[in-house]
There are 4 protein chains.
Amino acid sequence: MPENLTHREDYRKEKKLRILEAAARVFARRGFFGTVVADIATEAGIGKGTIYEYFDSKEDLFFAVFEWFVRQTGAKTKISISALKGSAPQRLEALSESLMGSWDEIRDIFSLVMEFWSASASSETRERFQQAFRQGYSDFRGIVSSLIRDGIERREFRPDVEAESVAAALVGTWDALLLQAWFDDSFDHRIAAKEFLDVVLRGLSLQ
Amino acid sequence: MPENLTHREDYRKEKKLRILEAAARVFARRGFFGTVVADIATEAGIGKGTIYEYFDSKEDLFFAVFEWFVRQTGAKTKISISALKGSAPQRLEALSESLMGSWDEIRDIFSLVMEFWSASASSETRERFQQAFRQGYSDFRGIVSSLIRDGIERREFRPDVEAESVAAALVGTWDALLLQAWFDDSFDHRIAAKEFLDVVLRGLSLQ
Amino acid sequence: MPENLTHREDYRKEKKLRILEAAARVFARRGFFGTVVADIATEAGIGKGTIYEYFDSKEDLFFAVFEWFVRQTGAKTKISISALKGSAPQRLEALSESLMGSWDEIRDIFSLVMEFWSASASSETRERFQQAFRQGYSDFRGIVSSLIRDGIERREFRPDVEAESVAAALVGTWDALLLQAWFDDSFDHRIAAKEFLDVVLRGLSLQ
Amino acid sequence: MPENLTHREDYRKEKKLRILEAAARVFARRGFFGTVVADIATEAGIGKGTIYEYFDSKEDLFFAVFEWFVRQTGAKTKISISALKGSAPQRLEALSESLMGSWDEIRDIFSLVMEFWSASASSETRERFQQAFRQGYSDFRGIVSSLIRDGIERREFRPDVEAESVAAALVGTWDALLLQAWFDDSFDHRIAAKEFLDVVLRGLSLQ
DNA sequence: CATGAATGAGGCTTCATTCAT
DNA sequence: GATGAATGAAGCCTCATTCAT
């Protein structure tokens, strides 16, 4: 019986994931308000009613997609960051390149991020989303600032650098460069990131 | 009669502006989809139908707000930039402070910007909005990069600096810092901007 | 003063007629429900509000157009009929040709007739219109049947002919032939009327 | 599963028909523009939204009613005509009586026909309806004219009769007699048709 | 568990009519 | 008298959600 339950749970979990993936695609394509629940069902190859067996509402599903997406992205980022080697500047460069390089993956879901932002700007879920964003940005800022502090301790960066501020700005820069790439195909965010980080690293350096 | 016509036209133009302002407030508060046309009418203190005497549709009104907003912001920015004096680094600092300082004004309309982004992420108006954003970013990038090139020519910045890339990144950074401030009250974007620009200017400097 | 009043009345009467004519054109073009009062004003080259100085409502105007049209058509028909000369068969033929021949004039207002019919099929004015139609048809039937009775008395038609029935049918035939011509350009109602009347006259004749 | 599908399809088809019938009643009662979609739903005993599960729009439903009605009427007429026996004159008399006799059935849907005419006189569907009318009239004309040609061949009618013209006129006469009966209760279309056909048949006869 | 038929609240938009100028 | 700006009732349609099968 426990095994049975487990099987059933596995089944549900897998199905839930299928719906999640389908929903992510449709939301990214059409936006939250532009998306019709029936479309998600069609995309997932199931009946309309089935979605409500797994999620309470369209909004609930939307937020589940959001959380799933954030968790996924966060996990990937943490893994790639923890794998970084070398000096602080080298690690920052590697991080930047990793972020900018994942563009091809990110571009498909950037529309989704825009939707999350949008949802955070309106509707009652505003607070819910804002908090999640706050958290996500904060986590990332923390990682980068600890990396910078590490550099300061190792005497790779100037001691009077405000790690928190620089981290916040850098995170923002990367985000905004991806944004510019998103709505402007001709914009090369990789070069911009590389050149800019060069300047920043020089500014951080002891000399 | 020409005078009469002029009067009428003035009247209509002014009324259109009043509706625009009311719409901007409501759209900022509730988002495009969260906004009900009746709310805009109430906010403007007029009847529902009157809006349709001045705008073809809710979407039309929304885009009109957008264009009006972009035009306004763009004009203000250009004026404040043209007024900048001093060396290139000084001008960049002044620009940064000016942007970050206008936060109190901007914060009220940032929600509106989010809405425009949102609208650009979905629906058929996507292209319309994306292009406007592209243009806006591109304009601003151009201003900042010419400022940097100016600095290079004046030997205030290193000659091997990629003005375009740095400009794109800086513009993005400011944008993203405002964004972080927008959804995180405890985040001090002014300090972050100041500290970060310090680093960047040091990185740009000849030494 | 009486002269003054007369002038004013003349002015009003003429203006009313201008509105009537404009309304007839627009109603014929777009139908009652498809017509927007503003269009009539534009067509008449006046302001929207002015119409309500001369007519109580859109429906009132519509009915006024109808009555004006019926009066006009009726008057014309009576005149042309009273001018008919010759034997009863000859007068029927002349009448038929006159009716069918006025097609080029009628075709432009047939849409209007359709609208009147339509209005009679729906809305509260149903009864109003139905009665007018009844009256119009009845008048015309009366004219034709008296013409036929005249023929019977003159021994040009068989004595056992039911004048009323034949008149009703003939009137209907002409009406329906014009209708067919109206929605089928390739249909030649003149030939059909002529050939058919030939048969009918032969059927009415003593031999 | 195929059986299941068939069941579902049957169910939908039947439901669609129920809506069609309800819509026909309401449209006949109130006209196209006078009809509110909610009324149809009430008449059909279903919810407003359900109608849109089966028809794309009010106009679509209206045209579906029209087609259904035309198909039904056409089918009935063809059947009754093919069942006619006897000489050509006898068959024409039988046809006339059959048409005039079905008045009690027709009267309830004549309002509907008026609505179709109305719809054909306005809006973009004009062409759609006009063509259907053209077709219907043309079909009927064809049937009657072949009946007449048959009579000519059998030497029951004069050889110089223009079958097409007479057919067109006869069809029109019947139509118009029903029309007169529709808006004038006191008008006896049966007698008029009988008496008139007498005259026409006499006119068609060899003597 | 899965489904899709049914629903009705709610939103955008139209337009006849009014009325201040 | 003439005008057109203003209005709000009313209608079509969408779509998230429910629920019987």
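Computed from a predicted model, the values in this text were never measured in an experiment. (Residues numbered from 1 in each chain as written. Chains lettered and ligands numbered in written order. Predicted model: local features only at pLDDT ≥ 70, side-chain atom pairs only at ≥ 80, totals over all residues. Heavy atoms only, no water.)

Asks: Please provide a residue-by-residue account of the interface of chain D and chain C, values included.
Replies: Tallying the contact residues gives 47 residues for chain D and 47 residues for chain C. Roughly 4000 Å² of surface becomes buried between chain D and chain C when both sides are summed, with 65% attributable to carbon and sulfur atoms. Of all residues in chain D, Phe 183, Phe 196 and Val 199 of chain D bury the most surface against chain C, accounting for 16% of the area lost on that side. On inspection of chain D and its partner chain C, the count reaches two salt bridges. A salt bridge links Arg 141 of chain D to Asp 184 of chain C, with the shortest nitrogen-to-oxygen separation between them at 3.8 Å. There are seven residue pairs in polar contact (both at pLDDT 80 or more) connecting chain D and chain C. If you list the elements that add at least two residues to the side of chain D that touches chain C, you get helix H1 (2-30), helix H6 (103-121), helix H7 (126-153), helix H8 (163-183) and helix H9 (189-204) of chain D. The element that contributes the greatest number of residues to the side of chain D that touches chain C is H8 of chain D, accounting for 14 residues. Within the side of chain D that touches chain C, the residues separate by chemical class into 23 nonpolar, eleven polar and 13 charged. (Contact = heavy atoms within 4.5 Å. Buried area = accessible area lost by both parts, 1.4 Å probe. Salt bridge = Lys/Arg side-chain N within 4 Å of Asp/Glu carboxyl O. Polar contact = N/O pair within 3.5 Å; in protein donor to acceptor, adjacent residues only side chain to side chain. Helix = DSSP H or I, 4+ residues; strand = E, 2+ residues; numbered from the N terminus. Nonpolar A, V, L, I, M, F, W, Y, C, P; charged D, E, K, R; others polar.)

Asks: Explain the nonpolar core to me, using residue names and the numbers behind them.
Replies: Leu 61, Leu 92 and Ile 148 of chain C together with Leu 61, Leu 92 and Ile 148 of chain D are the most contacted members of the largest nonpolar core, which totals 144 residues. For Leu 61 of chain C, the residues in contact, after removing those within four places along its chain, are Ile 19, Leu 20, Ala 23, Phe 27, Ile 40, Ile 51 and Phe 55 of chain C. By size, the runner-up hydrophobic cluster in this structure holds 143 residues, among which are Phe 69 and Val 113 of chain A together with Ala 64 and Phe 69 of chain B. (Core = buried A, V, L, I, M, F, W, Y, C linked by side-chain atoms within 4.5 Å. Buried < 20%, exposed > 50% of the residue type's maximum accessible area, 1.4 Å probe, protein only.)

Asks: Give a description of the relation of the copies chain D and chain C that names residues and reports values.
Replies: Mapping chain D onto chain C is achieved by rotating through 179° and translating by 0.0 Å along the same axis, at an RMSD of 0.2 Å. In symmetry terms, the pair is related by a two-fold rotation axis. When C-alpha positions in chain D are compared against the rotation axis, the closest is assigned to Gly 203 of chain D, at 1.7 Å. The share of interface residues of chain D whose copies in chain C are also at the interface is 98%, consistent with both copies meeting through the same surface. (Least-squares fit on C-alpha atoms with pLDDT ≥ 70 in both.)

Asks: Describe the environment of Phe 33 of chain B, listing the residues and the values that go with them.
Replies: With respect to the secondary-structure elements, Phe 33 of chain B resides in the loop between helix H1 (2-30) and helix H2 (37-44). Along the primary structure Phe 33 of chain B and Gly 45 of chain B are separated by twelve residues, whereas in three dimensions their C-alpha atoms are 21 Å apart. Sequence-distant contacts of Phe 33 of chain B, defined by excluding residues within four places in its chain, comprise Phe 33 of chain A together with Lys 58 of chain B.

Asks: I'd like a description of the protein's contact with DNA strand F, backed by residues and values.
Replies: For DNA strand F, the set of nearby residues contains 35 residues, the closest of which are Lys 15, Thr 50 and Tyr 54 of chain B together with Arg 12 and Thr 50 of chain C. Sugar and phosphate atoms constitute 70% of the interface atoms of DNA strand F, taking the interface as everything within 4 Å of the protein. A distance of 3.0 Å separates a phosphate oxygen of DNA strand F from a polar atom in the backbone of Gly 47 of chain C. Separating a phosphate oxygen of DNA strand F from a backbone N or O atom of Val 37 of chain D is a distance of 3.2 Å. Elements with a minimum of two residues in the surface near DNA strand F: helix H3 (48-54) of chain A, H1 and helix H3 (48-54) of chain B, helix H1 (2-30) and helix H3 (48-54) of chain C together with helix H3 (48-54) of chain D. Top contributing element to the surface near DNA strand F by residue count: H3 of chain B, with five residues. The class makeup of the residues in the surface near DNA strand F is twelve nonpolar, ten polar and 13 charged. (Near = heavy atom within 4 Å.)

Asks: Let's hear about helix H8 (residues 163-183) of chain A: which residues, and what values?
Replies: For H8 of chain A, which comprises 21 residues, the first-to-last C-alpha distance of 30 Å matches the rise-based estimate of 30 Å (1.5 Å per residue) to within 8%. Most of H8 of chain A sits inside the fold, with 20 of its 21 residues counted as buried. (Expected span 1.5 Å × (residues − 1).)

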